Structures are given as structure tokens and as C-alpha cells.
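# Fold and contact review
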Amino acid sequence: MLRGKKIIIGITGSIAAYKVPYLIRMLKREGAEVQVLVTSMAKDFVTPLTLSALSEKPVYSEYFDKGDGTWTSHVSLGLWADLFLFAPASANTMGKMSSGIADNLLLTTYLSARCPVFIAPAMDLDMYKHPSTKKSIDILKSQGCRFIDPVEGELASGLKGCGRMEEPEVIFEHIKNHFLTSVTFKGKRVLVTAGPTHEPVDPVRFIGNSSSGKMGIEIAKALDNLGAEVDLVLGPVSQKVDSDSVNVINVKTADDMHQACVSVFDEADITIMAAAVADFTPEVVSDQKIKKQTGFESINLVPTVDILSELGKKKRENQLLIGFALETENERDNALTKLHNKNCDAIVLNSLNDMGAGFGYDTNKVTFITRNGEEIITGLKSKQEIASDLIRVLDRLLKS
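The structure displayed is predicted, hence computed values, not measured ones. (Residues numbered from 1 in each chain as written. Predicted model: local features only at pLDDT ≥ 70, side-chain atom pairs only at ≥ 80, totals over all residues. Heavy atoms only, no water.)

## Some thoughts on the environment of A194
Put simply, the test is: Note on conventions: DSSP H or I runs of at least 4 residues are helices, E runs of at least 2 residues are strands, and numbering of each starts at the N terminus. Contacts are residue-level and defined by heavy atoms, with any inter-residue pair within 4.5 Å sufficient.
Looking at where A194 falls in the secondary structure, it is placed in strand β8 (residues 189–194). Measuring from C-alpha to C-alpha, the distance between A194 and G323 comes to 12 Å, with 129 residues separating the pair along the chain. Contacts of A194, omitting those with residues within four sequence positions, involve G213, G216, I217, L232, V233, L234, G235, M257, A274 and A275.

Structure (C-alpha cells):
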């Protein structure tokens, strides 16, 4: 699976650098090409000679070879890679990455890279917990970097806590899983919905909800990164989609979203309905602003089209349909009813009773329930990480 894959490993100043030679050996055994870049401090922890012998390539640290003046092009290196891994990643390097500071070859290459970036931090527990480190991590996650979180254990300081870089075998599995799912989704046509709908009462007022669209947007970006052709039907949100290759279809009302979904559904291999679509819309919409003095006794509401149900009726044997269920009571039972009644292959259950999950947050906590009876409960994670978890569920459904 890794044969011919081009991987850059960036090593920064951390005692955990001693683990990297083992990772290089595993990657090389699977046929990957490995290019190692090191910071000047990293060389105090692991020698370039060791890294070069294992990777079978020169190890780069400087822009110029002081012997013959040869220039190392950070642009060419960045464009060469299929995957960029920072392991170990120090607090200092992550701070520079999040701020766009490029004062060494490793960082300039990072800013030139167009491939997925994985980061495996390593540092003492207090450094890892520090607000500035957390801020750097949040910024890098928002920019699409994927984190292989450190683990609890004994640290170089003698303290015990979270900050140990994950073991080489686990990092290797993350890399392998990335390329496995890349093969699965490359060229697949995927329809994703995101955000709320606004049902107008008059020209200035509407009935809506607090959905930010963040979850659906992260799903669309993750699938786009894996080579899928993504159509994102997006309700009225302030969130931007920072990908030129995602086809964004902007809509406003539930009816708009229904029409947009129907227009592309037949071509979709996978449909993921993450939008929070209004269940009701005003029966009559005033063409003028309703004045406070005039008022009205009531707003008569009528049901909107149940888009998920309509698509479930149209779904072909070779299509996957994923629904979302945002619940406040009888959560699992309601999600299971939705799974079966609407002909879904999986339901992503969200509870508003979980702190930090649901509308508006950058984090989420969900339960994946599949047609095969599989149930996976995630912890509270970034929505980017939840999107990665969903991709693994999709991968299994496609192969089942």
C-alpha cells in the first residue's frame, strides 16, 4: 500500500527523536520513499548519519551545502511529498507553523507543501497544557493539519503525564490508514449538506437555528483531501470553505436545499446529510416587513420536505446514505428509528446534552450507528477529528 509513496519526516528538537529511526525502517519496508528534514537542534538527539542510512537519502537541514554550495529547494521538496509528518513536533516548531514563521528549511518546506500534514507532538506535560501550545494546535487543526495526539506516560523530565510522542507502530498505522482510505475515496462523487436553513417570515425575519455548518464543512474538506469529488450544499453560514476543489452550492431555504440535493443525488456515490434543515416553514410569507405596531396573532407553519426520507426512497443499491440526528431525549431510540425509516446506511447521533457538542462549537461528540449494527461512541474531539472518524466508518461500509 505504501510502495512508491513519498513521505517527508520533519524532526524537531525533542528526546523523542530517538523513536524516528524505527518508524523510517517500517516505512521503507513497505516500499515508501522517505525524505528526512531536521532542525539544527534535532541533530543533538539523533544523528543525520543514522537517518540517512535508514532512509537511503541525504538528510537536509540547511538551505545550502556549505561544501559545494548546492541549494536545497524547499519548493521542490514540498511539491514532491504525498504526506508530510512532523515527528516529534516541539512546542516551538508548532508555534512557528501556526504563525507562518519560516526561519529554517523544515518550516519553509512546510509552507510550500500541498499534501496532507500529520503532526505528532512531544513535550513535557506543562508545555503541552500551556494555553499558547493549545492555541497553536487549534490554529493548525483549523488549517487542516491532522494530529497524532501524545500519550500519558513517563517524560524525560521525570514527571508523568500527557506529552509522550505516540509510538512508531501507532504512527505507522495512521500513515497506512491514510493511504488506504485515499484509495477508497479517490474519484468518488460525494454529496455533503451543511449549515442551517432560513425560512422567511417577511423580507427581514426568518425561522432558523444556530447551526454553524462547521461539522459538514470539515467532512467535505476531509473527503476532498482524500481525492473525492465533493458537492457541498451549504446553508447560510459565515464559515468559509478554504478549498477551491470543493463545489459549493449555496442555498437559503429548506426548499432550496431539497432542490439542490435532488439535482446531484443521482450522481453521488455517497451522500452525507449533516445540515440542520428546518422541519417547518411559514405557510404565508409577507412581501413587506411586518411592523411592530401592526403585529400578528400567529404564524401558521407547514412541514418542509423531508429531504433525507426522499433521498432514502431514491437510493440505489450501490449508494451510501448517511444521516445526522440531533436529539435531546430518547436519543438512541430516535436515531435507530431514523436509520431504519429513512433507509440510511448509518446515522451520526448528536446529543445537545453533551457539553461542547452540537451547534456552534469547534468540538463534537457523536455516536455512529450503522446498518450492520455497529455502534461507535467518540469522546469529545475537534470536528476535524470527528470527520476523520466518519471516513473510517464510510470506508468499512464501502468494503462490507
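Now that the structure has been shown, the text picks up again.
## Some points on the sheet that holds strand β17 (residues 346–351)
Strand pairing in a sheet is mediated by backbone hydrogen bonds. Such pairs are either parallel or antiparallel. Rules: Here, any two strands with at least 2 DSSP bridges between them count as paired. Only the contacting stretch of a helix is used when fitting its axis, a line to C-alpha atoms as for every element, and angles between N-to-C directions run 0 to 180 degrees.
Strand order in the open sheet formed by eight strands is β12-β11-β8-β13-β16-β17-β19-β20, and the pairing between neighbours is mixed. Looking along the sheet, the strands with just one partner apiece sit at the ends: β12 (247–250) and β20 (375–377). Taking each pair of neighbouring strands and ignoring which way they run, the sheet shows an average axis angle of 15°. Across four bridges, the pairing between β8 and strand β13 (residues 270–273) is parallel. Bridging from a neighbouring strand, V192 pairs with I272 of β13. Where helix α12 (residues 331–341) meets the sheet, it contacts β16 (320–327), β17, β19 (366–370) and β20, and its direction lies at approximately 150° from that of β17.

## Concerning the sheet that holds strand β3 (residues 83–89)
Ordered by their spatial adjacency, five strands build an open sheet running β2-β1-β3-β4-β5, and the pairing between neighbours is parallel. For this open sheet the edge positions go to β2 (33–38) and β5 (146–147), each flanked by a neighbour on one side alone. Across two bridges, strand β4 (residues 117–121) lies against β5 in parallel orientation. By the bridge assignment, I119 is partnered in β5 with F147. Against the sheet, helix α5 (residues 105–112) contacts β1 (6–11), β2, β3 and β4, and its axis sits at roughly 145° relative to β3.

## A closer look at the layout of surface pockets
Rolled over the atoms, a probe as big as a water molecule pinpoints where empty space is left. For the record, the criterion: Of the grid points, spaced at 1 Å and generated over the protein atoms alone, those admitting a 1.4 Å probe that cannot get out make up cavities, while open sets with protein on both sides within 12 Å along at least five of seven lines make up pockets; any residue with an atom within 4 Å of a point is treated as lining. Grid points are joined across faces, edges and corners, and a volume is the space filled by probe spheres set on the points.
When its volume is computed, the second largest pocket comes out at roughly 820 Å³. Contributing to the lining of the second largest pocket are 37 residues, with A275, A276, V277, F324 and K338 lying nearest its centre. Secondary structure elements with two or more residues in the lining of the second largest pocket: β8, α9 (214–225), α11 (307–314) and β16. If one sorts the elements of the lining of the second largest pocket by residue count, β16 sits on top with five residues.

## Thoughts on the nonpolar core
This is how the line gets drawn: In this text, buried Ala, Val, Leu, Ile, Met, Phe, Trp, Tyr and Cys residues form a nonpolar core when linked through side-chain atoms within 4.5 Å. When accessible area is computed with a 1.4 Å probe and restricted to protein chains, residues below 20% of their type maximum are described as buried, those above 50% as exposed, and intermediate ones as partly exposed.
The biggest cluster of nonpolar side chains holds 34 residues, and the ones touching the most others in it are V192, I219, L223, L232 and I272. No other element matches the seven residues that helix α13 (residues 383–399) contributes to this core. Counting 32 residues, the second-largest nonpolar core is a separate cluster that includes I11, L23, A87 and A120.

## Description of the state of the cysteines
The test is simple: Cysteine sulfur atoms are paired as a disulfide whenever they come within 2.5 Å of each other.
The full count for this structure, using the stated rule, is zero disulfides. Unpaired in terms of disulfides, C145 finds its nearest cysteine sulfur in C115, a separation of 10.0 Å. For C145, a relative accessible area of 3% gives the class buried.

## Here's the deal with the packing of helix α1 (residues 20–29) against helix α2 (residues 48–55)
Worth spelling out the cut-off: The labels follow the angle: roughly parallel below 35 degrees, roughly antiparallel above 145, roughly perpendicular from 65 to 115, and oblique for the rest. Handedness of a helix crossing follows the sense of rotation of the near helix relative to the far helix, less than a right angle counterclockwise being left-handed and clockwise being right-handed.
In contact at an axis separation of 9 Å, α1 and α2 are set at 15° when each is read in the N-to-C sense. Classified by the angle between their axes, α1 and α2 sit roughly parallel to one another. Remark: the crossing between α1 and α2 carries right-handed chirality. Together, P21, I24, R25 and K28 of α1 and T50, L51, L54 and S55 of α2 make up the contact between the two elements.

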